[in-house]
Amino acid sequence: MRDPQAPSVPSACAPRLTCVIAVPTFRRNDRLRELLPLLISQGEAVAATAEVTVLVVDNDPDAGAREVMSGQSPGAIPVRYAHEPTPGIAAARNRALAEAEHADVIAFLDDDEQPDVGWLAHLLRTWSDHDHASVTGRVVPSFEQTPDPWIESGRFFVRPSLPTGTPVPIAAAGNLLLDLATVRRMGLQFDPRLGLVGGEDTLFTRTLTERGGALVFCQESIVFDRVPAHRASRRWLLRRALSHGNTAGLLETGFPMGRSARAQVRLTAGASARVAVGLGIAGAGFLCRRDYTQARGLGLAARGLGMALGACGRVYVEYARPGEDALGRGFVRARSILEGDQQQRARRGLMTSMRRVRGAGSIGPVMKVRTSEALLALTFDDGPDPEITPRLLELLGEFDATATFFVLVSAARRHPEIVRRVVAEGHEVALHGIDHRRLTTKGVRAGVDHVAQGRAELARLTGVDASLFRPPYGATDPVLWAALRRSGLESVLWSATTWDWRPVSQDERLAKIHAAGIGDIVLAHDGRASADDGATEPADRARVDVDKIELIAQALSEWRDRGWRVVSVGEALRRGSPVRSGQYRELVNRLLLRRLLPPARAR
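I will try to describe carefully the structure that is included in this document. Bear in mind that the values here come from a model prediction, so they are computed numbers and not experimental data.

Working note: regular strand, side chains alternate between the two faces of the sheet. Within strand β1 (residues 17–25), nine of the nine residues are buried, which leaves it mostly tucked inside the rest of the structure. Because side chains alternate across β1, one face comprises the buried residues L17, C19, I21, V23 and T25, and the other comprises T18, V20, A22 and P24, equally buried. Here nine bridges tie β1 to strand β2 (residues 50–58), and the two strands are oriented parallel to one another. Paired with L17 across the bridge in β2 is A50. Alignment of β1 against strand β4 (residues 105–109), held across four bridges, turns out to be parallel. The residue bridging I21 from the neighbouring strand is A107, located in β4.

Laid out in C-alpha cells, this is it:
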C-alpha cells in the first residue's frame, strides 16, 4: 500500500462535522477483524476536525459478526454494531442510513476492502472543497495470488480513475461518501428489491444525480479490493460480466419502477450487437492466440448477453443465499422480484424457521426453561415507569437478583435514562413493542416491520440490540412467530405469573407466586400501558389496587428461602434449554400442509 501523508481536513469541514464509516458485512468475520483497526486509524487521523463513528451492519440472520464486536475495546473512535437480518445488501445499507440519521456524512466501505492511508481524509476534503457533494473514490484490486495472464490482459478488475472533482453520474458503494443532508432532502433509500440482485448502489446514485445532487470523483481516496483466488477465474469473471450487464439492462429499461417497451426494443438491439461483436473479437483472439483479444471479446459478449436478458425481463439473482432464499441463484422473471408480496415472504420465513428448529424438535415461543439448576426467570412488562422501575432495581439489587425488562418503546422515549440504568445495573433489556397494540391484527409483514422499527429505536436508546421479544398481550401466531424468529428475535411468553395486573386479592396473587417452580418464566409488570401506549382493551381499563414493590419483595423472599436463584431469561436459557408452546406444533403442521404446499389441481 502507498504511504502518503494523509491530508488534513480543512476548517470548512469543521466544526462538529460528524461522519459514520459504515461497513455492511455478511459472514466475513476474519476480514472484519482485520478491517476494524484500519478504520479506527482513519477516524483518528481526522479527529481534530471530524467526529467519526465506525458502524458495522451485520446482515447475517445468525448475527455472526457479534462475536467480532465483543472483542473490541472502547477507544477514542466509537465502534457500533447493528444487526439487520433482512437478506440483501440494500437492507444493510438502509439500516446504516437509519443508524446515521444525525450524522453529516456517511462513508460506505465493503467488508472485503481495505482503505489506503488518508482514504477518509481525502473523501472529506473533496466533500468540503466541492460544496458538500457526495464523493466516490478509486477501487484498486489486491489479488491473494497472481492472476492468470488472460485475466490481467482482460482488465476485468480495472475501474475508471478520473481527476478529483470530476462529476460522475453513478457510482458503486464500495468507496462512497454520501452527503446525508442531500439524501434526507431527497428521501433516498437503496431499493430493497435489488438487494439480492445487485445494482442498488447504481440506482441510488443515479437517482441522486438525476434529481440535481452533486457526485464527484476523488482520485486520491483509494480502497483496495481484496480478490480471493476463486474470484480470479475466467468462469467467475464472465459470470460477473453477465450479471453486471443484466443489471445495466434492467435499470436502462426502467426496472424496478416500471419497464419501457421502447427502451426494451432499443436495448435488445444494442445488446445483440454487443454479443455479435464480442464473439467476433473473441474468435479473432483465439485464432491469433492473443489473450487480450480473447478476454475483451468474451467479456463484451457476456455483458451484452446479460443486457439482452435484462431487456427481456429476466433478472440474474447474484447474491442468493443457499438454503435461505426461495429464488435461488440464476435467472428469474422480473415479475418474481416485483411480486415479493407479504404472503410469499411470510411463507419463506416460516419454511426457513421450520428448517432451523425442526431438528431440535422445538416450535413456538419460549414458555419456560428446562434446567437442572435451582433457578427461575423473572420478567417485567410495560415499563419503564418513573416511580416503580427505579424502586424495583433497588429491590433486585438487595436480593442479588437479575431480571428481564420487556420494554415498551413508547415508554422508553419518555424515560430513556431509566432504561439505560436497567442496562448499567446488569439486567436484560428486551422488546415488548413500540406500543401495546396487538400484532396479530396487523398482518405478518406489517407486524414484523413494526417490531423491527421498535427494535432499532430501542437499540438507539440503549446501545443494546434486543434479541428477546414478548408480544403485547402474549398475542402471536405460528406465521408471525416464524417470521420474527427469522429476523433474529426469540419470542418469549411465560409459565408463571404474579397477577399484578388483575383485580384480584393479594392472597390470590401470593398463591400464584407460590405455584412458580424451577425453570418457570414469571410474568410481572413494572409499568402499566395506557391509551397513549395503544392499550385500549377492556382489561386495560380495569382498576387494579396493588403494591408491586411489596408483591415482588415477598416473591423474592420466598424464592430465596427455597434456595432458588432469580435470573434473567437470557441467563436461564444459557443454563438450560427452552420449553416451547406445545400447541404450536399442530398449528404449524396445518400451515405447512394448507399454506406452503401448492393446492392440488382438479382433474
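Attention now goes to empty space enclosed by the protein. This structure, assessed with the given rule, holds one cavity of 30 Å³ or more. Size it by volume and the largest cavity reaches roughly 30 Å³. Surrounding the largest cavity, H432, G433, I434, D435, R437, L439, H450, V451, F469 and P472 form its lining. Counted by class, the lining of the largest cavity contains five nonpolar, three polar and two charged residues.

Let's shift gears to the environment of E373. With respect to the helices and strands, the residue E373 is situated in the loop between β11 (366–370) and β12 (375–383). Judged by its relative accessible area of 28%, E373 falls in the partly exposed class. Counting along the chain gives 192 residues from E373 to R565, while the straight-line C-alpha distance between them is 8.7 Å. Aside from chain neighbours lying at most four places away, what touches E373 is I518, R565 and R575. Within the local environment of E373, its side chain forms a polar contact with the side chain of R575, the two groups lying 3.5 Å apart.

Let us now look at the pairing of strand β6 (residues 134–143). Across 10 bridges, β6 lies against strand β8 (residues 215–227) in parallel orientation. For S142, the partnering residue across the bridge sits in β8 and is R226. Direction of pairing for β6 relative to strand β7 (residues 175–179): antiparallel, over a ladder of two bridges. From the neighbouring strand, T136 faces β7, where its bridge partner is L176.

With that settled, consider the side chain of D500. With respect to the helices and strands, D500 occurs in the loop between β17 (496–497) and α18 (506–515). In this structure, D500 is buried with no salt-bridge partner, the nearest side chain bearing the opposite charge being K548 at 5.0 Å. Among the polar contacts listed, one links the side chain of D500 to the backbone nitrogen of H525, at a separation of 2.7 Å.

Once that is clear, we can look at the nonpolar core. With 48 residues, the main nonpolar core has L378, F380, L396, F405, L458, L556 and W559 as its most contacted residues. The element that contributes the greatest number of residues to this core is helix α19 (residues 548–561), accounting for seven residues. In this view, L556 contacts L378, L395, L396, F399, A401 and V566; residues no more than four positions away in its chain are not counted. Within the second largest apolar cluster, 36 residues are counted, among which are C19, V23, V105 and V135.

So, how was this worked out
- Residues numbered from 1 in each chain as written.
- Predicted model: local features only at pLDDT ≥ 70, side-chain atom pairs only at ≥ 80, totals over all residues.
- Heavy atoms only, no water.
- Buried < 20%, exposed > 50% of the residue type's maximum accessible area, 1.4 Å probe, protein only.
- Helix = DSSP H or I, 4+ residues; strand = E, 2+ residues; numbered from the N terminus.
- Pairing = 2+ DSSP bridges.
- 1 Å grid on protein atoms, 1.4 Å probe; cavity = no way out; pocket = protein on both sides within 12 Å on 5 of 7 lines; lining within 4 Å.
- Points joined across faces, edges and corners; volume = space filled by probe spheres on them.
- Nonpolar A, V, L, I, M, F, W, Y, C, P; charged D, E, K, R; others polar.
- Contact = heavy atoms within 4.5 Å.
- Polar contact = N/O pair within 3.5 Å; in protein donor to acceptor, adjacent residues only side chain to side chain.
- Lys, Arg positive; Asp, Glu negative; His and termini not counted.
- Salt bridge = Lys/Arg side-chain N within 4 Å of Asp/Glu carboxyl O.
- Core = buried A, V, L, I, M, F, W, Y, C linked by side-chain atoms within 4.5 Å.

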